[in-house]
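# Structural overview
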Amino acid sequence: MDLSLTIKNNVFDKPVSEIDINKKQIINTINPHSYCEAKKDKIFAQALLSSDVLLPDGSGIVLASKILLNKTINKIAGADIHQYLLEQANIKGDKVFYLGASENTLQLIEKRIALEYPNISVSSYSPPYKPEFTSADTNEMLAAVNTFNPQVLFVGMTAPKQEKWVYANQTSIEANVITSIGAVFDFYAGTVKRSSPFWIKLGLEWLPRLVREPKRLWKRNFVSTPLFLWDLLKTKCGI
(Lines give C-alpha, C1' and ligand atoms only; values in the text may rest on other atoms or scores of the structure.)
Protein backbone atom coordinates (compact mmCIF):
# COMPACT_ATOMS: atom_id res chain seq x y z
CA MET A 1 0.00 0.00 0.00
CA ASP A 2 1.16 3.49 -0.84
CA LEU A 3 0.31 5.91 1.97
CA SER A 4 -0.20 9.00 -0.14
CA LEU A 5 -2.26 7.24 -2.81
CA THR A 6 -4.34 5.41 -0.22
CA ILE A 7 -5.30 8.65 1.48
CA LYS A 8 -5.85 10.50 -1.80
CA ASN A 9 -7.85 7.82 -3.60
CA ASN A 10 -9.49 5.76 -0.88
CA VAL A 11 -9.90 7.53 2.45
CA PHE A 12 -13.30 9.16 2.97
CA ASP A 13 -13.02 12.93 3.42
CA LYS A 14 -16.64 13.99 3.95
CA PRO A 15 -19.07 13.97 6.91
CA VAL A 16 -20.74 10.64 7.68
CA SER A 17 -24.07 12.20 6.70
CA GLU A 18 -22.91 12.15 3.08
CA ILE A 19 -22.60 8.37 2.97
CA ASP A 20 -25.38 6.98 0.79
CA ILE A 21 -26.70 4.24 3.06
CA ASN A 22 -29.51 3.41 0.65
CA LYS A 23 -27.21 1.46 -1.63
CA LYS A 24 -25.34 -1.76 -0.88
CA GLN A 25 -21.84 -1.02 0.31
CA ILE A 26 -18.97 -2.06 2.54
CA ILE A 27 -17.67 0.47 5.06
CA ASN A 28 -14.30 -0.11 6.69
CA THR A 29 -11.94 1.96 8.79
CA ILE A 30 -8.20 2.58 8.55
CA ASN A 31 -5.75 3.73 11.19
CA PRO A 32 -1.93 3.61 11.47
CA HIS A 33 -1.99 0.07 12.88
CA SER A 34 -4.27 -1.39 10.20
CA TYR A 35 -2.26 0.42 7.53
CA CYS A 36 0.96 -1.21 8.78
CA GLU A 37 -0.71 -4.61 9.02
CA ALA A 38 -2.11 -4.28 5.50
CA LYS A 39 1.39 -3.65 4.14
CA LYS A 40 2.26 -7.18 5.34
CA ASP A 41 -1.04 -8.81 4.40
CA LYS A 42 -2.05 -8.61 0.76
CA ILE A 43 -5.60 -9.84 1.29
CA PHE A 44 -6.16 -7.36 4.11
CA ALA A 45 -4.87 -4.58 1.87
CA GLN A 46 -7.27 -5.65 -0.88
CA ALA A 47 -10.14 -5.70 1.60
CA LEU A 48 -9.41 -2.15 2.75
CA LEU A 49 -8.75 -0.70 -0.70
CA SER A 50 -11.88 -2.28 -2.18
CA SER A 51 -14.10 -0.68 0.48
CA ASP A 52 -16.88 1.51 -0.84
CA VAL A 53 -16.14 3.81 2.10
CA LEU A 54 -12.83 3.78 4.01
CA LEU A 55 -13.11 5.93 7.11
CA PRO A 56 -10.10 7.76 8.67
CA ASP A 57 -10.27 6.17 12.11
CA GLY A 58 -7.09 7.54 13.61
CA SER A 59 -5.34 10.83 14.27
CA GLY A 60 -2.36 9.47 12.33
CA ILE A 61 -4.40 9.25 9.13
CA VAL A 62 -5.68 12.79 9.68
CA LEU A 63 -2.08 13.97 10.22
CA ALA A 64 -0.85 12.17 7.10
CA SER A 65 -3.57 13.79 4.99
CA LYS A 66 -2.48 17.22 6.18
CA ILE A 67 1.24 16.60 5.68
CA LEU A 68 1.10 14.74 2.37
CA LEU A 69 -1.86 16.37 0.66
CA ASN A 70 -2.28 19.61 2.61
CA LYS A 71 -5.85 18.47 3.10
CA THR A 72 -7.74 18.67 6.38
CA ILE A 73 -10.03 15.74 7.07
CA ASN A 74 -11.91 14.77 10.21
CA LYS A 75 -11.36 11.57 12.12
CA ILE A 76 -14.38 9.25 11.92
CA ALA A 77 -14.14 6.42 14.39
CA GLY A 78 -15.95 3.11 14.24
CA ALA A 79 -18.11 4.36 17.12
CA ASP A 80 -19.12 7.36 15.00
CA ILE A 81 -20.34 5.33 12.03
CA HIS A 82 -22.04 2.91 14.43
CA GLN A 83 -24.02 5.71 16.07
CA TYR A 84 -24.93 7.31 12.75
CA LEU A 85 -26.19 4.06 11.25
CA LEU A 86 -28.24 3.31 14.36
CA GLU A 87 -29.82 6.76 14.27
CA GLN A 88 -30.77 6.33 10.62
CA ALA A 89 -32.04 2.79 11.19
CA ASN A 90 -34.20 4.00 14.06
CA ILE A 91 -35.75 6.70 11.87
CA LYS A 92 -36.60 4.18 9.17
CA GLY A 93 -37.46 1.24 11.42
CA ASP A 94 -34.75 -0.92 9.87
CA LYS A 95 -33.30 -4.25 10.93
CA VAL A 96 -29.75 -4.39 12.30
CA PHE A 97 -27.56 -7.43 12.89
CA TYR A 98 -24.46 -7.82 15.07
CA LEU A 99 -22.00 -10.54 14.05
CA GLY A 100 -19.17 -11.16 16.51
CA ALA A 101 -18.30 -10.92 20.22
CA SER A 102 -19.57 -13.11 23.05
CA GLU A 103 -23.19 -13.99 23.79
CA ASN A 104 -23.03 -11.83 26.93
CA THR A 105 -21.79 -8.80 24.97
CA LEU A 106 -24.45 -9.30 22.30
CA GLN A 107 -27.21 -9.53 24.91
CA LEU A 108 -26.03 -6.26 26.47
CA ILE A 109 -26.04 -4.62 23.03
CA GLU A 110 -29.57 -5.81 22.27
CA LYS A 111 -30.83 -4.51 25.62
CA ARG A 112 -29.29 -1.10 25.02
CA ILE A 113 -30.67 -0.95 21.46
CA ALA A 114 -34.17 -1.64 22.80
CA LEU A 115 -33.86 1.33 25.18
CA GLU A 116 -32.14 3.86 22.91
CA TYR A 117 -33.45 2.90 19.47
CA PRO A 118 -36.87 1.27 20.01
CA ASN A 119 -37.79 1.32 16.31
CA ILE A 120 -34.90 -0.97 15.37
CA SER A 121 -35.32 -4.73 15.04
CA VAL A 122 -32.07 -6.32 16.16
CA SER A 123 -30.56 -9.77 16.09
CA SER A 124 -27.08 -11.20 16.57
CA TYR A 125 -24.80 -14.21 16.31
CA SER A 126 -21.64 -15.09 18.22
CA PRO A 127 -19.22 -16.98 15.95
CA PRO A 128 -16.63 -19.38 17.40
CA TYR A 129 -13.42 -17.85 18.73
CA LYS A 130 -10.67 -19.11 16.45
CA PRO A 131 -8.00 -17.58 14.15
CA GLU A 132 -9.72 -18.84 11.00
CA PHE A 133 -13.23 -20.03 10.28
CA THR A 134 -14.04 -23.31 8.57
CA SER A 135 -16.47 -23.37 5.67
CA ALA A 136 -19.04 -24.82 8.06
CA ASP A 137 -18.50 -21.90 10.45
CA THR A 138 -18.95 -19.42 7.62
CA ASN A 139 -22.11 -21.13 6.39
CA GLU A 140 -23.63 -20.88 9.87
CA MET A 141 -22.68 -17.21 10.12
CA LEU A 142 -24.14 -16.43 6.72
CA ALA A 143 -27.32 -18.34 7.50
CA ALA A 144 -27.80 -16.38 10.72
CA VAL A 145 -27.35 -13.06 8.93
CA ASN A 146 -29.29 -13.85 5.78
CA THR A 147 -32.26 -15.38 7.58
CA PHE A 148 -32.71 -12.08 9.42
CA ASN A 149 -31.97 -10.11 6.22
CA PRO A 150 -30.85 -6.86 7.91
CA GLN A 151 -30.41 -3.47 6.32
CA VAL A 152 -27.24 -2.98 8.40
CA LEU A 153 -24.69 -5.62 9.38
CA PHE A 154 -22.12 -4.73 12.04
CA VAL A 155 -19.14 -7.09 12.16
CA GLY A 156 -16.96 -7.19 15.25
CA MET A 157 -14.33 -9.92 15.14
CA THR A 158 -11.13 -7.79 15.39
CA ALA A 159 -8.99 -6.68 12.47
CA PRO A 160 -7.92 -8.02 10.05
CA LYS A 161 -10.11 -11.10 10.48
CA GLN A 162 -13.38 -9.18 10.23
CA GLU A 163 -12.46 -7.21 7.09
CA LYS A 164 -11.04 -10.27 5.36
CA TRP A 165 -14.12 -12.34 6.20
CA VAL A 166 -16.43 -9.69 4.77
CA TYR A 167 -14.22 -9.32 1.69
CA ALA A 168 -14.29 -13.07 1.04
CA ASN A 169 -18.03 -13.44 1.57
CA GLN A 170 -19.44 -10.12 0.41
CA THR A 171 -21.42 -11.58 -2.49
CA SER A 172 -23.14 -14.04 -0.14
CA ILE A 173 -24.10 -11.54 2.55
CA GLU A 174 -27.68 -10.28 2.33
CA ALA A 175 -27.37 -6.87 3.97
CA ASN A 176 -27.43 -3.37 2.57
CA VAL A 177 -24.63 -1.78 4.60
CA ILE A 178 -21.82 -3.94 5.96
CA THR A 179 -19.32 -2.39 8.32
CA SER A 180 -16.53 -3.85 10.44
CA ILE A 181 -16.19 -1.96 13.70
CA GLY A 182 -14.25 -4.27 16.02
CA ALA A 183 -14.00 -2.90 19.56
CA VAL A 184 -17.18 -0.84 19.19
CA PHE A 185 -19.19 -3.92 20.19
CA ASP A 186 -17.53 -3.84 23.62
CA PHE A 187 -17.75 -0.05 23.88
CA TYR A 188 -21.47 -0.05 23.20
CA ALA A 189 -22.12 -3.03 25.46
CA GLY A 190 -20.20 -1.31 28.24
CA THR A 191 -17.80 -4.21 28.75
CA VAL A 192 -14.89 -1.97 27.70
CA LYS A 193 -14.84 1.75 28.40
CA ARG A 194 -14.17 4.08 25.48
CA SER A 195 -11.86 7.05 26.07
CA SER A 196 -13.58 10.27 27.13
CA PRO A 197 -14.32 13.12 24.68
CA PHE A 198 -11.43 15.03 26.28
CA TRP A 199 -8.87 12.51 25.02
CA ILE A 200 -10.66 12.06 21.70
CA LYS A 201 -10.54 15.80 20.95
CA LEU A 202 -6.81 15.84 21.72
CA GLY A 203 -6.23 13.03 19.22
CA LEU A 204 -5.09 10.80 22.09
CA GLU A 205 -7.99 8.37 22.31
CA TRP A 206 -5.43 5.56 22.27
CA LEU A 207 -3.70 6.64 25.49
CA PRO A 208 -6.31 5.72 28.13
CA ARG A 209 -7.00 2.49 26.24
CA LEU A 210 -3.31 1.63 26.29
CA VAL A 211 -3.17 2.22 30.04
CA ARG A 212 -6.19 -0.04 30.55
CA GLU A 213 -5.17 -2.76 28.09
CA PRO A 214 -1.36 -2.65 27.70
CA LYS A 215 -0.98 -6.32 26.83
CA ARG A 216 -3.44 -6.13 23.93
CA LEU A 217 -2.56 -2.68 22.60
CA TRP A 218 1.19 -2.30 23.10
CA LYS A 219 2.03 -3.48 19.59
CA ARG A 220 -0.12 -0.96 17.76
CA ASN A 221 1.25 1.92 19.84
CA PHE A 222 4.91 0.99 20.22
CA VAL A 223 5.46 -0.85 16.93
CA SER A 224 2.85 0.21 14.38
CA THR A 225 2.76 3.92 15.28
CA PRO A 226 6.55 4.44 14.89
CA LEU A 227 6.51 2.43 11.65
CA PHE A 228 3.64 4.52 10.35
CA LEU A 229 5.37 7.80 11.22
CA TRP A 230 8.56 6.56 9.56
CA ASP A 231 6.59 5.65 6.44
CA LEU A 232 4.96 9.08 6.55
CA LEU A 233 8.37 10.77 6.77
CA LYS A 234 9.77 8.69 3.89
CA THR A 235 6.74 9.45 1.74
CA LYS A 236 6.98 13.17 2.46
CA CYS A 237 10.70 13.19 1.62
CA GLY A 238 10.23 11.05 -1.49
CA ILE A 239 12.46 8.27 -0.17
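Predicted, not measured: the structure shown is a model, and the values here were computed from it.

## Some thoughts on helix 3 (residues 42–49)
Looking at helix 3, one finds that the buried residues are F44, A45, A47 and L48. Within helix 3, the buried residues cover an arc of 160° as seen down the axis, which keeps them to one side. Summarising the contacts, the buried residues of helix 3 are in contact with strand 1 (25–30), helix 2 (32–40), strand 2 (53–56) and helix 8 (161–169). Structurally, the start of helix 3 carries an N-cap: the backbone nitrogen of I43 is 3.2 Å from a side-chain oxygen of D41.

## Quick notes on the packing of aromatic side chains
All chains considered together, the criterion is met by 4 aromatic pairs. Each ring, one from Y35 and one from F228, has its centre 5.6 Å from the other, and the planes form 85°; the classification is edge-to-face. One end of the pair, Y35, is in helix 2; the other, F228, is in helix 12 (residues 214–237), with 193 residues separating them in the sequence. Overall, the relative accessible area of 1% leaves Y35 in the buried class. With a relative accessible area of 1%, F228 lands in the buried category. K95 extends its terminal NZ or CZ atom over the ring of F148, reaching a point 5.1 Å from the ring centre.

## Quick word on the nonpolar core
Grouped together as the largest cluster of nonpolar side chains are 31 residues, with contacts concentrated most on I19, I81, L86, Y98 and F154. Setting aside residues up to four positions removed in sequence, I81 forms contacts with V16, I19, I27, L55, T179 and I181.

## Re the packing of helix 2 against helix 3
Where helix 2 meets helix 3, the axes come as close as 5 Å, and the angle between the chain directions of the two elements is 125°. The angle between helix 2 and helix 3 places the two elements in the oblique class. Note on packing geometry: the crossing formed by helix 2 with helix 3 is left-handed. Of the residues in helix 3, those touching helix 2 at S34, E37, A38 and K40 are K42, F44, A45 and L48. Tallied by class, residues from the contact of helix 2 with helix 3 come to 4 nonpolar, 1 polar and 3 charged.

Quick notes on the rules
All residue numbers here refer to positions counted from 1 along the written sequence of the relevant chain. Totals for whole chains, interfaces and linings use every residue, but because this is a predicted model, local features are given only for residues with pLDDT of at least 70 and side-chain atom pairs only at 80 or more, for both listing and counting. Calculation of side-chain values draws on the structure's entire complement of heavy atoms; hydrogens and water are dropped beforehand. When a residue's accessible area, from a 1.4 Å probe over protein chains only, is under 20% of the maximum for its type it is buried; when over 50% it is exposed; and in between it is partly exposed. Counting from the N terminus, the helices are the DSSP runs of H or I reaching at least four residues and the strands are the DSSP runs of E reaching at least two. Relevant arc is that of directions from the helix axis to the C-beta atoms, nothing else. Contact criterion: two residues are considered in contact whenever any of their non-hydrogen atoms come within 4.5 Å of each other. In the analysis that follows, any N or O atom pair within 3.5 Å is treated as a polar contact, provided that within protein one partner can donate a hydrogen and the other can accept it, and provided that, for residues neighboring in sequence, both atoms belong to side chains. Stacked, tilted and edge-to-face are the three classes applied to pairs of Phe, Tyr and Trp rings, where Trp contributes its six-membered ring and a pair requires centres within 6.5 Å; stacked means planes under 30 degrees apart, edge-to-face means over 60, and tilted covers the rest. To sit over a ring, a charge needs its Lys NZ or Arg CZ within 6 Å of the ring centre and within 35 degrees of the ring normal. To form a nonpolar core, buried Ala, Val, Leu, Ile, Met, Phe, Trp, Tyr and Cys residues must be joined to one another through side-chain atoms within 4.5 Å. Note on method: axes are straight lines fitted to C-alpha atoms, helices fitted across the in-contact stretch only, with angles between N-to-C directions ranging 0 to 180 degrees. Here the word oblique covers every angle except those under 35 degrees (roughly parallel), over 145 (roughly antiparallel) and from 65 to 115 (roughly perpendicular). In this scheme the crossing of two helices becomes right-handed for a clockwise turn of the near helix relative to the far one and left-handed for an anticlockwise turn of less than a right angle. For this scheme, ten residues count as nonpolar: Ala, Val, Leu, Ile, Met, Phe, Trp, Tyr, Cys and Pro. Four count as charged, namely Asp, Glu, Lys and Arg, and the remainder, Gly too, count as polar.

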